[in-house]
Amino acid sequence: MSRMLFVYNPFSGKGLIKNHLYDILQEFNALDMEIVIHPTKDRLDAFQYIAENEGKFDMIVCSGGDGTLNETVSGVMSYTGSKPPIGYIPSGSTNDFAKSLGIPKKMKHAARHIVNGHPDKVDIGKFNDRYFTYVAAIGAFTKVSYETPQDMKNILGHQAYIIEGIKELTMIKPMSLRIETEKETIEGDFIYGMITNSKSVGGVKGITGKDVSMNDGLFEITFIRQPQNPIQLNNIISGLLMNDYKGETVYFDHVSSVRVIAKEQQIPWVLDGEFGGNLREVNISVQKNAVDLILEKDVK
Ligand SMILES: [Mg+2]
């Protein structure tokens, strides 16, 4: 009998899963697999458990927020042998990645989506020696995502990111950066930067640009320059609210690799909503089609 690992974060999304566990397991019944259930105890528990159990499971399903998915993907990426397909049942507050892949919001439906789905290749980001599934970011907006307590995130949802981010925009110190892609090198002062493989960030659809594909070997890079006057600041804020902020204040491109060097000091990075370290130099590359996710519709 083939085996499934079901790993979930009991505290994600107001502990949403406790009302849905029975329904989820009932859906999984249709798969006729032996199921090992592992509720996570702490941060990195999902990663460690998965990494330590290479070869034991034919499928790994995780439920939780961005952090749980990141740990699951990172655990599978650590395998030297074959990588089992991953199913995802989101329970966090924004779930940009799940939305980008057409995974249903309701947990029972997401479980059925896995039962009816098939493995499909998705790109993963490599960030120095770590991985991220859909966003690596610096500057304004980023503090709120990991410094906001879980229960506040649950209450405020994606609006928290925008409201807190706009507050930060007016106060933030610019970062002096050198950005090297496979196409060009640019330098300047920026207040925000993100490298994404997602159709939304912080619940805001379209903020990562048009023509986003989850398996094209390219990630989108968006760096907002330091505004030089109140008009530029206004353009940035209204652009963020209208999801259309391209122009002289923003450096945007589709790339397969990017190196970001902070010229003056270490800067705090956020990976998939969690603190990713204070760093001077970051090398990011797209790992094309690196993992199989179990999805109903073909990935675009
Ligand atoms: Mg892409």
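Heads up: the structure comes first, above all this text.
Each chain carries its own residue numbering, running from 1 in the direction its sequence is written. Per-residue local features are limited, in this predicted model, to residues with pLDDT of at least 70; the limit for side-chain atom pairs, both in listing and counting, is 80 or more; totals at the level of whole chains, interfaces and linings are taken over all residues. Only hydrogens and water are removed before side-chain values are computed, so all heavy atoms of the structure are retained for them.

Scanning the protein for helices and strands turns up 10 helices and 17 strands. Within the protein, buried positions represent 54% of all 300 residues. The Shrake-Rupley method, run with a 1.4 Å probe sphere, supplies the accessible areas, and residue values consider only the shown protein chains as cover. Total accessible area computed for the protein in this model is approximately 13,600 Å², and 49% of it derives from carbon and sulfur atoms. For the purposes of this entry, the term helix denotes a DSSP run of H or I that reaches at least four residues, the term strand denotes a run of E that reaches at least two, and both are numbered from the N terminus. Only protein chains enter the area calculation, which uses a 1.4 Å probe; residues under 20% of their type maximum are buried, those over 50% are exposed, and those in between are partly exposed.

Moving on to empty space enclosed by the protein. Grid spacing is 1 Å over the protein atoms alone, the probe is 1.4 Å, and a cavity is where that probe fits but cannot get out, while a pocket is an open set with protein on both sides within 12 Å along at least five of seven lines and lining residues have an atom within 4 Å of a point. Grid points are joined across faces, edges and corners, and a volume is the space filled by probe spheres set on the points. A complete count under the given rule lists 2 cavities of 30 Å³ or more for this structure. In this structure, the second largest cavity encloses a volume near 40 Å³. Taken together, P174, M175, S176, L177, A262, K263, E264, Q265 and I267 form the lining of the second largest cavity. When residues in the lining of the second largest cavity are grouped by element, the largest group, 3 residues, is from strand β8 (residues 175-181).

Right, let's get into the coordination of the magnesium ion. Each metal's donors comprise the N, O and S atoms found within 2.8 Å of it (within 3.2 Å for Na, K or Ca). Water is not part of the atom list, so some coordination spheres may appear incomplete. Around the magnesium ion, the protein supplies N197 (OD1), S213 (O), D216 (OD) and L218 (O) as donor atoms, at distances of 2.1 to 2.6 Å. Spacing between the donor residues of the magnesium ion along the chain follows N-x15-S-x2-D-x1-L. With a relative accessible area of 28%, L218 lands in the partly exposed category.

Moving on, we get to the environment of I179. Within the secondary structure, I179 sits in strand β8. For the pair I179 and R259, spaced 80 residues apart in the sequence, the C-alpha separation amounts to 5.8 Å. Leave out the neighbours within four places in its chain, and I179 touches E184, T185, I186, F190, F223, Y251, V258 and R259. Contacts are assigned to residue pairs that have any heavy atoms within 4.5 Å of one another.

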